[in-house]
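# Structural overview
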Amino acid sequence: MRAQEKRAVEAVADHLAGLCHAPDAFSLAQVIGTALGATGCALTISGERHQWGRGEDRWLSEPVEYDGQVQAVLAVAPETAGPLDSLAAVLGPPLVALRLAAETDQLRRDGDAAARELVDDRWRTTVEMEQERRGLERDLHDGAQHHLVALKMSMALVEHTGATQERLAELESKLDAAEKALTDTAAGILPIPLSTEGLAGALRAELDAHPDVALDTTGFRRRYPPLVESTVYFACLEAVNNAHKHAPGASIRVAVRDNAGGLEFVVSDNGPGFTITGRNKGLPNLSARMATVGGTIDVRSAPGQGTTITAFVPG
């Protein structure tokens with residue numbers, strides 16, 4: 001690997017490790033182009049080109065493959081900036097996440113465009129489609145994003161500790177899980193453990209892979225209607241995902257239990273906490289999801305005191 005390409009690989013690793021959110025294609029192109037000393041750099045993902053720099057010279061292109069499939073195309077100018085094969089090899093995992101995010105966003109935009117085109121005499125259909133779209137959007141956010149955040153954390157760990165074969169196998173497993181979650185959600189398929197083992201089994205299957213999450217279902221013995229169990233399942237995942245994003249390194253506890261009036265779950269962490277304001281008081285996405293089954297949530301947090309989310313569904 002030549003020196004410029006090695007610097008680009010290291011710059012990409014440092015950039016991804018320092019992010020607290022999903023990578024941005026333009027910023028990634030800028031990091032790569034700057035490290036290579038190129039006049040321009042572009043990443044083409046799902047047919048959309050994200051270009052940094054002018055790139056007035058001839059371009060050198062290299063497909064970025066992962067799991068035997070082309071995920072994106074990397075291009076730099078001038079063409080003398082190559083070769084790029086080693087750099088393209090390490091870009092596979094983050095570009096998978098970017099491709100999936102782009103395709104999900106396109107699905108959302110297509111749904112919005114279709115809803116706007118419906119005529120007034122079909123308003124009932126419009127309302128139903130919008131409800132389904134929002135339900136799909138919430139499921140993608142709460143379910144698939146949980147896998148993508150876990151993948152990003154694993155990628156950062158690999159970059160810091162070295163890409164051993166075991167670590168690479170773990171990343172591949174997490175990518176497969178994220179892609180399956182996106183595909184199943186788009187098709188309206190619930191996680192298999194949720195339909196076969198119920199809420200407790202589904203949460204165990206999902207959360208056991210996270211050593212920082214402790215799950216307690218000893219107080220949970222009943223079965224609830226499928227809509228209630230799926231709603232609580234995705235709400236728990238979103239609450240855990242929020243803790244991973246906003247309280248990295250914190251210990252997270254999840255408790256699901258029956259009480260006299262219905263089903264209750266609590267997700268708490270010992271992270272930095274935050275000041276609750278009118279804007280974040282109810283965590284709108286969680287509140288909207290719980291409202292679909294007549295449920296409520298309560299958020300308690302303060303700087304230095306962690307965060308506790310308690311949700312209740314009558315039944």
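Residues numbered from 1 in each chain as written. Predicted model: local features only at pLDDT ≥ 70, side-chain atom pairs only at ≥ 80, totals over all residues. Heavy atoms only, no water.

## Some details on the overall build of the chain
- Across its full length, the chain holds 10 helices and nine strands.
- Evaluated residue by residue, the chain yields a buried proportion of 43% over its 315 residues.
- Within the chain, contacts between residues separated by at least 24 positions form 62% of all contacts whose residues are at least 6 apart in sequence.
- Accessible area for the chain stands at about 16300 Å²; split by element, carbon and sulfur atoms hold 53% of it. (Helix = DSSP H or I, 4+ residues; strand = E, 2+ residues; numbered from the N terminus. Buried < 20%, exposed > 50% of the residue type's maximum accessible area, 1.4 Å probe, protein only. Contact = heavy atoms within 4.5 Å. Areas by Shrake-Rupley, 256 points an atom, 1.4 Å probe, with all protein chains shown as cover.)

## Comments concerning the environment of Thr 308
- Mapped onto the elements, Thr 308 comes out in strand β9 (residues 307-314).
- Since its relative accessible area comes to 29%, Thr 308 is described here as partly exposed.
- Along the chain, Thr 308 and Gly 273 lie 35 residues apart, while their C-alpha atoms are 9.1 Å from each other.

## A word on helix α8 (residues 198-207)
- Among the 10 residues of α8, eight are classified as buried, and the element is accordingly described as predominantly covered.
- Among the residues of α8, Gly 198, Leu 199, Ala 200, Gly 201, Ala 202, Leu 203, Glu 206 and Leu 207 are the ones counted as buried.

## Considerations on the packing of aromatic side chains
- Under the definition given, this model contains two aromatic pairs.
- Taking 5.2 Å as the distance between ring centres and 75 degrees as the angle between the ring planes, the aromatic pair formed by Tyr 233 and Phe 234 counts as edge-to-face. Each member of the pair, Tyr 233 together with Phe 234, is buried.
- For Arg 49, the ring lying beneath its charged end belongs to Trp 59, and the centroid distance is 4.7 Å. (Phe/Tyr/Trp six-rings, centres within 6.5 Å; stacked < 30°, edge-to-face > 60°. Lys NZ or Arg CZ within 6 Å of the ring centre and 35° of its normal.)

## Structural notes on the side chain of Asp 269
- Inspection of the secondary structure puts Asp 269 in strand β7 (residues 262-269).
- One buried charged side chain, Asp 269, makes no salt bridge at all; its nearest oppositely charged neighbour is Arg 253, positioned 12 Å away.
- A distance of 2.8 Å separates the side chain of Asp 269 from the backbone nitrogen of Gly 271, its partner in a polar contact. (Lys, Arg positive; Asp, Glu negative; His and termini not counted. Salt bridge = Lys/Arg side-chain N within 4 Å of Asp/Glu carboxyl O. Polar contact = N/O pair within 3.5 Å; in protein donor to acceptor, adjacent residues only side chain to side chain.)

## Comments concerning the sheet that holds strand β8 (residues 296-301)
- The mixed open sheet is built from five strands, whose spatial order is β5-β6-β7-β9-β8. Looking along the sheet, the strands with just one partner apiece sit at the ends: β5 (213-216) and β8. Strand-to-strand twist of the sheet, defined as the mean angle between neighbouring strand axes without regard to direction, takes the value 10 degrees.
- As paired elements, β8 and β9 share six bridges and run antiparallel to each other. Note that in β9 the partner of Asp 298 across the bridge is Thr 310.
- The sheet contacts of α8 involve β5, β6 (252-259) and β7, and relative to β5 the element is tilted by about 165 degrees. (Pairing = 2+ DSSP bridges. Axes fitted to C-alpha atoms, helices over the stretch in contact; angles between N-to-C directions.)

## Section: the confidence of the model for the chain
- The share of residues in the chain with pLDDT of 70 or more is 71%, and the mean pLDDT across the chain is 79.
- Low pLDDT, under 50, characterises residues 119-123; the predicted model gives this stretch zero contacts beyond four residues in sequence or across chains. (pLDDT = per-residue confidence, 0-100.)

## Concerning the pattern of salt bridges
- Counting across every chain of the model gives six salt bridges.
- Of the charged contacts in the structure, one is a salt bridge between Asp 105 and Arg 109, with a shortest N-O distance of 2.1 Å. Of this pair, Asp 105 and Arg 109 both sit in helix α4 (residues 92-117), separated by four residues, roughly a single helical turn.
- Note that Glu 229 and Arg 223 form a salt bridge whose closest N and O atoms lie 2.8 Å from each other.
- Among the charged side chains, a network of salt bridges with common partners joins Asp 105, Arg 108 and Arg 109.

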